[in-house]
Amino acid sequence: MKRWGLPVALLAALVGAWQLAASSGALADLLNVESFLVPSPAEIADALWQSRSLLAENAWVTLREILLGFALALVAGLGFALLLRLSETLRRAAYPLLVATQAVPILVIAPVLVVWFGYGIGPKLAIVALVCFFPIAVNTADGLRAVDPETIKMMRTLDASRRQLLWWVEAPTALPYALSGARVAVAFAPIAAVFGEWAGSDSGLGHLILQDNAQLETARVFAAALILAIIGVALFALLALAERRIVTWR
Amino acid sequence: MLIDFPDLFSQKHGVRQDTKVAAETQGFASEAATPADGPAPAAEVAVRGLAHSYGELRAIERLDLELPAHGVLGLVGPSGCGKSTLLELIAGLQEPSAGRVEVGGAAGTAHRLARCAFMPQRDLLLPWLAAIDNAALALRNRGASRRAAREQAGALFERFGLAGFERARPAELSGGMRQRVAFLRTLLSGKPVLALDEPFASLDAITRAEMQAWLAGALDADPRTVVLVSHDVEEALYLCDRVAVLSPRPGRVLEELSAPAPRAADRDAAVTDPAFVAAREQAMHALRGEEP
């Protein structure tokens, strides 16, 4: 309770200030736009309620893209990290590139993916999976290498096979690394899904945001953004909880 | 196929055959008591003309040792004299640059690995496994089911003063208990030779004395061939039949002493006995590089 008291108070103060600034028209004056373009928190809450079924429908589309894309990235990222551990040659060749890709703005190729995969769920999954893949792969690869060399020696004298070493020592060592990579990945996934939808789609929260913005439905744009934020935070919290449940030895 | 297994399991050291060094073996024939029953067996551990370098750094030079089955040999020496390297060479974790290390009459690394259990300085218990599963690792590695492995390890928990802590994680155990679990893990590998690398170095003085007495009892109940590395002359003289004093790097044997009363039941009395004190003085002299 104590831990959350201050952040909640700060959030309430910010929302309150926003409410005052927006409803009094001060914010619109400052931005020099019509006041209906600057929704107050109350108006956003109203939009959230009024358009709940439309928002839920589109949120489900986006959530599905996030979850499936993340799952793809998880399988591919863990698998690739394992390959890097098993092949020193491959690791030396691919690891520097893998780290470098973290600096590449993958999101900007979303339009190309739409050209390749069409308007369906394909390009959205591809972009979410691409964005999520790298933090998972890099972190897991680092984790698999974080094993104490003395422990490897000890396991050798205890007659461990390569597979047993992986199972008893390397995989548990890498697990917290993999989970923290997954947390980073899942925080980026909603943005990736929105970019995928912006590049071309007929549903989803990203699609809705584009449409509403064009039609000056500003309150609903904020409502959709709020749902995206909630999805991101919820997935992040879920993974943090999973980590506390699974990694009980830290 | 992409997968080429990294050489985690076979360290590649440039194997230089230095026959000249190997030929210059300083006879350090063991005079240690062989078991009374039957004819004297061949040495369980035999090190001849051993030399080992890491690149330019010469860790061990012209080293000879012999240890009969069920003998307990201590290795003491200054820091960095190659004690741990020697232990890893015996255990089959490394290949010597020159010379020969035989365990049970054969020299190949695979053979040595199969006959030696290695207990490292730190307990290296796996924090994600319960104490009993840590102890039973070697059994699981050899294909025993979890139940069978736990049963076999559990039978020894009481004898090791660990009853009731089978399911505890290593973090919940005291230093002495962790060390006992690590030793149990080494014993349960079922190998005839135990290579112990300063097993009690990380413990406080009182716990260390207790653990020494405990290990003495454990070895008398379940005799094994033991090579014990220690920086503690008293510990080595109490636990071992013989103690080899090694020189600073590159390590070689300066002097080999017989312990007056190995693993005596009353540890405190044993280590204050005049013969013990004299042996300790002799070892300290050798360590300091003085004439006896």
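Remember, it's a predicted structure, so these values are computed and weren't measured experimentally.

K.L.:
Please clarify how the interface of chain A and chain B should be interpreted in this entry.
P.N.:
In many analyses, interface size is given as the accessible surface area lost on bringing the parts together. Contact with chain A, which involves 22 residues of that partner, is made by 26 residues of chain B. Elements with a minimum of two residues in the side of chain A that touches chain B: helix 4 (52-86), helix 5 (88-101), helix 8 (149-157) and helix 9 (162-199) of chain A. Residue composition of the side of chain A that touches chain B, by class: eleven nonpolar, five polar and six charged.

K.L.:
What is the right way to read the sheet that holds strand 8 (residues 242-246) of chain B from this model?
P.N.:
Strand pairing in a sheet takes place through backbone hydrogen bonds and is either antiparallel or parallel in direction. Residue and element names in this part refer to chain B. Strand order in this open sheet of six strands is 5-6-7-3-8-9, and the pairing throughout is mixed. Among the strands making up the open sheet, the edge pair consists of strand 5 (116-119) and strand 9 (253-258). Taking the axes of each pair of neighbouring strands and ignoring which way they run, one obtains an average angle of 15 degrees across the sheet. Where strand 5 meets strand 6 (residues 193-197), four bridges bridge the pair, whose relative direction is parallel. Across the sheet, Cys116 pairs through a bridge with Val193, a residue of strand 6.

K.L.:
Please explain the nonpolar core as it appears in this structure.
P.N.:
One recurring pattern in soluble globular proteins is that nonpolar side chains are buried together. With 88 residues, the main nonpolar core has Ile90, Ala195, Val227, Leu228, Val243 and Ala283 of chain B as its most contacted residues. Aside from chain neighbours lying at most four places away, what touches Val243 of chain B is Gly74, Val76, Ala236, Leu237, Leu257, Ala259 and Ala283 of chain B. Listed in part, the 55 residues of the second largest apolar core include Ala141, Phe195, Ala199 and Ala219 of chain A.

K.L.:
Quick question: what am I supposed to make of the sheet that holds strand 4 (residues 98-103) of chain B here?
P.N.:
Residues and elements named next belong to chain B. Taken together, the three strands give an open sheet; going across it, the order is 2-1-4, and neighbouring strands pair in antiparallel fashion. Among the strands making up the open sheet, the edge pair consists of strand 2 (57-67) and strand 4. Strand after strand, the sheet turns through a mean of 25 degrees between neighbouring axes, direction not considered. Relative to strand 2, strand 1 (residues 45-54) runs antiparallel, the two being bridged by seven bridges. Residue pairing for strand 2: His52 is matched across the bridge by Ile60.

K.L.:
Explanation requested: unusual backbone geometry in the structure shown.
P.N.:
Apart from glycine, the bulk of residues carry a negative phi angle, and the bulk of peptide bonds sit in the trans form. The omega torsion of the bond from Arg249 of chain B to Pro250 of chain B falls at -5 degrees, within 30 degrees of zero and hence cis. With respect to the secondary-structure elements, Pro250 of chain B resides in the loop between strand 8 and strand 9. Despite not being glycine, Leu216 of chain A has its phi angle at roughly 60 degrees, a positive value. The topology assignment puts Leu216 of chain A in the loop between helix 10 (205-214) and helix 11 (218-246). With a phi close to 40 degrees, Arg62 of chain B is a non-glycine residue in the positive phi region.

K.L.:
Looking at this model, I keep getting lost on helix 7 (residues 122-145) of chain A. Mind explaining?
P.N.:
Within an α-helix, residues lying three or four positions from one another point in the same direction, as the helix has 3.6 residues per turn. Residue and element names in this part refer to chain A. Across its 24 residues, helix 7 extends 34 Å between first and last C-alpha, which sits within 8% of the 34 Å expected from 1.5 Å per residue. The sharpest bend along helix 7 comes to roughly 30 degrees, located at Phe133, with the proline Pro135 sitting one to four residues further on. With respect to burial, helix 7 is a largely interior element, 21 of its 24 residues being buried.

K.L.:
How should I be thinking about helix 5 of chain A in this particular structure?
P.N.:
Relative to the 20 Å expected for 14 residues at 1.5 Å per residue, helix 5 of chain A spans 20 Å between its end C-alpha atoms, a close match to the ideal helical length. When the local axis directions of helix 5 of chain A are compared, the greatest deviation, roughly 35 degrees, occurs at Ala94 of chain A, which is followed within four positions by the proline Pro96 of chain A.

K.L.:
I would appreciate a short explanation of the packing of helix 4 of chain A against helix 10 of chain A in the present structure.
P.N.:
Each pair of packed helices gets described by two things: the angle between the helix axes and the distance between those axes. All names here are of chain A. One way to put it is that helix 4 packs onto helix 10 with a least axis distance of 7 Å and a crossing angle of 130 degrees. Relative to helix 10, helix 4 is oriented oblique. Contact with helix 4, carried on its side by Asn58, Ala59 and Thr62, involves Leu205, Gly206, His207 and Leu208 of helix 10 and no other residues of that element. Residues of the contact of helix 4 with helix 10, tallied by class, amount to three nonpolar, four polar and no charged.

K.L.:
How should the environment of Glu235 of chain B be read in this particular structure?
P.N.:
Residue and element names in this part refer to chain B. Looking at where Glu235 falls in the secondary structure, it is placed in helix 9 (residues 233-239). In this structure Glu235 comes out as buried when scored by C-beta crowding, with 24 C-beta atoms within 10 Å. Remark: the alpha-carbon pair of Glu235 and Ala136, spanning 99 residues in sequence, is separated by 28 Å. For Glu235, the residues in contact, after removing those within four places along its chain, are Phe200, Gln212 and Ser230.

K.L.:
How should the pairing of strand 8 of chain B be read in this particular structure?
P.N.:
One face of the sheet, then the other: side chains in a regular strand alternate in exactly this way. Residue and element names in this part refer to chain B. In terms of burial, strand 8 is a largely internal element, five of the five residues being buried. Burial along strand 8 is two-sided: the residues Arg242, Ala244 and Leu246 and Val243 and Val245 are all buried. Bridge analysis of strand 3 (residues 72-76) against strand 8 gives four bridges, and the strand direction is parallel. Across the sheet, residue Leu73 finds its bridge partner in strand 8, namely Arg242. As paired elements, strand 8 and strand 9 share five bridges and run antiparallel to each other. Its bridge partner being in strand 9, Leu246 is matched across the sheet by Val253. Taking the residues between adjacent antiparallel strands as the criterion, strand 8 and strand 9 are bridged by six residues.

Reading the values: the criteria
- Residues numbered from 1 in each chain as written.
- Chains lettered and ligands numbered in written order.
- Predicted model: local features only at pLDDT ≥ 70, side-chain atom pairs only at ≥ 80, totals over all residues.
- Contact = placed C-beta atoms within 7 Å.
- Helix = DSSP H or I, 4+ residues; strand = E, 2+ residues; numbered from the N terminus.
- Nonpolar A, V, L, I, M, F, W, Y, C, P; charged D, E, K, R; others polar.
- Pairing = 2+ DSSP bridges.
- Axes fitted to C-alpha atoms, helices over the stretch in contact; angles between N-to-C directions.
- Core = buried A, V, L, I, M, F, W, Y, C linked by C-beta atoms within 7 Å.
- Buried ≥ 20, exposed ≤ 12 C-beta atoms within 10 Å, placed from the backbone.
- Expected span 1.5 Å × (residues − 1).
- Bend = angle between axes of the 7 residues up to and from the residue.
- Parallel < 35°, antiparallel > 145°, perpendicular 65-115°, else oblique.

Function cannot be read off these values alone, since they describe shape.
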